[in-house]
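The chain contents come next:
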Amino acid sequence: MRFQPFMLVGAAALLLSACSNNEEVAAAPPPPPPGAISGSVAADRDGDGIIDGYYTADGIYHPNVQPAPPPPPAPTQVGEKG
């Protein structure tokens, strides 16, 4: 019996096994935090279309600081008696 055909088949199988692709498929990233706008760090938590804050890389939400409203006007003394 000749061993050459068996050796040829074994060598071909060994060479073709090097071409196999055993890479792992990457898992999908986790969903963004609530109110996050995809593709950015901005966040619209109440859904009104205005950016309310932002998320840092560790996932912590930081609200935008709203400016303080102007103080009410001072009462006038003109025209009042009493």
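See the structure printed just above.
Below is a summary of the structure that appears in this document. Position labels on residues start from 1 in each chain and follow its written sequence. Reporting in this predicted model follows two pLDDT cut-offs: at least 70 for local features of residues, and 80 or more for side-chain atom pairs to be given and counted; totals over whole chains, interfaces and linings ignore these cut-offs and use all residues. No hydrogens and no water enter the side-chain calculation; it runs on all heavy atoms of the structure.

**Focus: the sheet that holds strand β2 (residues 53-55)**
Reasoning step 1: Strand pairing is assigned whenever DSSP identifies at least 2 bridges connecting the two strands. Every helix listed is a DSSP run of H or I at least four residues long, and every strand listed is a run of E at least two residues long, numbered separately from the N terminus. Strand order in this open sheet of three strands is β1-β2-β3, and the pairing throughout is antiparallel. Pairing within the sheet leaves two strands with one partner each, and these edge strands are β1 (42-43) and β3 (61-63).
Reasoning step 2: Where β1 and β2 come together, two bridges link them in antiparallel fashion. Residue pairing across strands places A43 opposite G53, the latter belonging to β2.

**Describing helix α1 (residues 4-17)**
Reasoning step 1: Expected span of a helix, by definition, is 1.5 Å for each gap between consecutive residues, and there is one gap fewer than residues. The end-to-end C-alpha distance of α1 is 20 Å, a good match for the 20 Å that 14 residues give at a rise of 1.5 Å each.
Reasoning step 2: Burial status follows relative accessibility: with a 1.4 Å probe on protein chains alone, a residue under 20% of its type maximum counts as buried, one over 50% as exposed, and anything between as partly exposed. Burial analysis of α1 places just zero of its 14 residues in the buried class, which makes it a mostly uncovered element.

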